Amino acid sequence: GSTIGILGGGQLGRMLSVAASRLGFRTHVFEPGANPPAADVAHALTTASYEDTEALKAFAASVDVVTYEFENIPTSALDVIEALKPIRPNREVLRISQDRLTEKDFLTGLGLTTAPYADVPDLAALEQALADLGAPAILKTRRFGYDGKGQVRITDATQAAQAFAEMKGAPAILEGFVDFTMEISVIAARGLDGSVACFDPGRNVHREGILRETTVPAGIPARLRTDAIILAGRILNALDYVGVMGVELFVTPQGLLVNEVAPRVHNSGHWTQNGCATDQFEQHIRAVTGWPLGDGSRHSDVVMQNLIGDDMDEVPTLAARPGTALHLYGKAESRPGRKMGHANHVKPQQA
Ligand code: ATP
Ligand code: MG
Ligand code: MG
């Protein structure tokens, strides 16, 4: 069988490795950090830095195709790999999604709606943007943000200087605050042959910028569900995408707004592990290896509960609960805000 290279050894890389293994593939994970969760299950692990050209070349030489579990891979590392093996999803996808400004320009260029936004290279631009968009608004770093990190809420224009200082010189954008009725996401997949399959949209609840719970079905009207799926398909086609993508959406009385996209398997898609015959991890492996996409139709109602920090204290109770599937990431140390695992609470649907 062939070998899949995975850039990033976090929990997503770990669950991709498990899915690959089930289909008879081997995985080689590249992860600069110590004790990566994927180390337990990957067939090979390289712990070199992204600046280590020789290690990158050896990694690429040992695999048939390269994919990734996070979007902030240095461009220089991708150049080295791409000279040797295909990277799926493609480079252009990474370029666009690494930067909130580029991503929003791309989405609005497709005719989709996002929160109102403005580039704010300096304080004067931020003050002007606040005057244009109004408060409340959110200042976000253009790059490297996740789990709500690198974001500051501005409730009044007088807070501009303070908020700008909190960006510590990192390029940022201002987003108008969206008064959404709920958040949903579509986990969408596109195969090498261009076929598209979307999982049922889930309803997401965040606390302090971190995803806590995803519920399927989302409890939205059929029309909105269709809109969400069509919108995701348009994004995938426009990017000539191969793999799984997470599309985060705000539901508003005026329709759907795109919050952001993630060019990888997504936390809000973890419910698929116990709700579908083919989960998002297998779907991604199928796509990047050129297999046909699998059956991702939903056979059960699921509530996915993230286990963050001290939530791990609930594990003994969850382990004894009927209808609950536990997925733990094997991280030695729990810290506040750290994703340690998740629980899928499953209720099979009546036929
Ligand atoms: P992720 O871990 O999903 O990558 P992130 O750090 O990229 O998170 P966002 O998705 O931009 O952060 O924001 C996190 C959450 O904050 C959103 O899911 C939403 O609940 C809230 N939020 C972000 N932007 C806005 C906005 N413009 N209006 C209202 N709420 C927002
Ligand atoms: Mg994000
Ligand atoms: Mg997000």
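Residues numbered from 1 in each chain as written. Chains lettered and ligands numbered in written order. Predicted model: local features only at pLDDT ≥ 70, side-chain atom pairs only at ≥ 80, totals over all residues.

## Some words on the packing of helix H2 (residues 53–61) against helix H3 (residues 75–82)
With their axes 9 Å apart at the nearest point, H2 and H3 run at an angle of 45° to one another. In this view, H2 runs oblique relative to H3, as classed from their interaxial angle. Judged by the twist between their axes, the crossing of H2 over H3 is right-handed. Across the interface between the two elements, Thr53, Leu56, Lys57 and Ala60 from H2 touch Ala77, Val80 and Ile81 from H3. Of the residues contributing to the contact of H2 with H3, the split by class is five nonpolar, one polar and one charged. (Axes fitted to C-alpha atoms, helices over the stretch in contact; angles between N-to-C directions. Helix = DSSP H or I, 4+ residues; strand = E, 2+ residues; numbered from the N terminus. Parallel < 35°, antiparallel > 145°, perpendicular 65-115°, else oblique. Left-handed = near helix turned anticlockwise from the far one by under 90°. Contact = placed C-beta atoms within 7 Å. Nonpolar A, V, L, I, M, F, W, Y, C, P; charged D, E, K, R; others polar.)

## Here we look at the UniProt feature "domain: ATP-grasp" (unreviewed entry) in the protein chain
Here the UniProt-annotated "domain: ATP-grasp" (unreviewed entry) positions come out as residues 104–289. Helix and strand shares over residues 104–289 are 30% and 32% respectively, and the end C-alpha atoms of the span are 29 Å apart. (UniProt positions renumbered as here; feature names shortened; annotations may be inferred.)

## Structural notes on the pairing of strand E14 (residues 255–262)
The sheet contact formed by strand E13 (residues 243–252) and E14 spans seven bridges and is antiparallel. Of the residues in E14, the one forming a bridge with Leu249 is Val258. Counted along the chain from E13 to the antiparallel partner E14, the turn is two residues long. (Pairing = 2+ DSSP bridges.)

## Some thoughts on unusual backbone geometry
With an omega of 0°, the peptide bond running from Ala135 to Pro136 counts as cis. The residue Pro136 is located in the loop between helix H6 (123–133) and strand E6 (137–141) in this model. Going from Val216 to Pro217, the amide bond is cis rather than trans, its omega being 0°. The topology assignment puts Pro217 in the loop between strand E12 (210–216) and helix H8 (222–238). In this model, Asn35 sits at a positive phi of 50°, which is unusual for a non-glycine residue. Within the fold, Asn35 resides in the loop between strand E2 (26–30) and strand E3 (44–46). With 13 C-beta atoms counted inside 10 Å, the residue Asn35 sits in the partly exposed group. (Buried ≥ 20, exposed ≤ 12 C-beta atoms within 10 Å, placed from the backbone.)

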